[in-house]
Amino acid sequence: MKRILPALLILLCVSEIAAAEPLQSRMLQRQTARAIRNAGFWCDRITDARIDKARSADGPTIVQVTCDDKTTFAQYSLTMNADNSKVTKIEPWK
């Protein structure tokens, strides 16, 4: 019994930490989708986001974002500022 209680507490803490990461990810996705909508584009649900390493090599970080809600599909290119804390430009991905 002395070993079961600490094991259960550790399991509970680990599961809460594991659940926090997807929550942060979902929050970041919602904020990004909101920024895209505020720029005048459609985006209800982000399904993929990747750094474009080829275009980001010489300058600011460029992230390719895919929005898809199974009825509408759109892709955007987001240019980040120097410290990657804000989006400076949003344009359709070509």
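Residues numbered from 1 in each chain as written. Predicted model: local features only at pLDDT ≥ 70, side-chain atom pairs only at ≥ 80, totals over all residues. Heavy atoms only, no water.

## Quick word on unusual backbone geometry
Unlike most non-glycine residues, Lys70 shows phi in positive territory, near 75 degrees. Here Lys70 lies in the loop between strand 2 (62-68) and strand 3 (73-80). Residue classification places Lys70 among the exposed positions, given a relative accessible area of 76%. The phi angle at Asn84 is positive, at roughly 55 degrees, despite the residue not being glycine. Position of Asn84 relative to the elements: it lies in the loop between strand 3 and strand 4 (87-92). (Helix = DSSP H or I, 4+ residues; strand = E, 2+ residues; numbered from the N terminus. Buried < 20%, exposed > 50% of the residue type's maximum accessible area, 1.4 Å probe, protein only.)

## What to know about the state of the cysteines
What we call a disulfide is simply a covalent bond connecting the sulfur atoms of a pair of cysteines. Summed over all chains, the structure comprises one disulfide. One disulfide in the model links Cys43 with Cys67; its S-S distance is 2.0 Å. Looking down the S-S bond of the Cys43 and Cys67 bridge, the torsion is -85 degrees, so its handedness is left-handed. Taken as a pair, Cys43 in the loop between helix 1 (4-38) and strand 1 (46-51) and Cys67 in strand 2 lie far apart in primary sequence, 24 residues in all. Since its relative accessible area comes to 0%, Cys43 is described here as buried. (Disulfide = S-S within 2.5 Å.)

## As for the nonpolar core
The biggest cluster of nonpolar side chains holds twelve residues, and these are Ala33, Ile36, Cys43, Ile46, Val63, Val65, Cys67, Ala74, Tyr76, Leu78, Met80 and Ile90. Contributing elements (two or more residues each) for this core: helix 1, strand 2 and strand 3. Take this core: its biggest share by element is four residues, from strand 3. (Core = buried A, V, L, I, M, F, W, Y, C linked by side-chain atoms within 4.5 Å.)

## Regarding a positive patch on the surface
Taken together, Arg26, Arg30, Arg34 and Arg37 make up a surface patch of like positive charges. Structurally, Arg37 is set in helix 1. (Patch = residues over 30% accessible without salt bridge, like charges linked within 9 Å, V, L, I, M, F, W, Y side chains within 5 Å. Areas by Shrake-Rupley, 256 points an atom, 1.4 Å probe, with all protein chains shown as cover. Salt bridge = Lys/Arg side-chain N within 4 Å of Asp/Glu carboxyl O. Lys, Arg positive; Asp, Glu negative; His and termini not counted. Charge placed at Lys NZ, Arg CZ, Asp CG, Glu CD.)

## So, the sheet that holds strand 1
In spatial order, the strands read 1-2-3-4; together these four strands make up an open sheet with antiparallel pairing. Unpaired on one side and paired on the other, strand 1 and strand 4 mark the two borders of the sheet. Geometrically, the sheet is characterised by an average inter-axis angle of 20 degrees between neighbouring strands, direction not taken into account. Examined bridge by bridge, strand 3 and strand 4 share five bridges and lie antiparallel to one another. Of the residues in strand 4, the one forming a bridge with Met80 is Val87. (Pairing = 2+ DSSP bridges. Axes fitted to C-alpha atoms, helices over the stretch in contact; angles between N-to-C directions.)

## What to know about the pattern of salt bridges
Summed over all chains, the structure comprises two salt bridges. Among the ionic pairs, Asp48 bridges to Arg50, the shortest N-O distance being 2.7 Å.

## A closer look at the pairing of strand 2
With six of seven residues buried, strand 2 is to be regarded as a mostly interior element. As defined by bridge partners, strand 1 adjoins strand 2 across five bridges and the pair is classed as antiparallel. Across the sheet, the residue bridging to Ile51 is Val63, located in strand 2. As paired strands, strand 2 and strand 3 are joined by seven bridges and run antiparallel to one another. Residue Ile62 lies in a different strand from strand 3, and its bridge partner there is Thr79. Counting the residues that bridge the hairpin from strand 2 to strand 3 gives four residues, and of these Lys70 lies at a positive phi of roughly 75 degrees.

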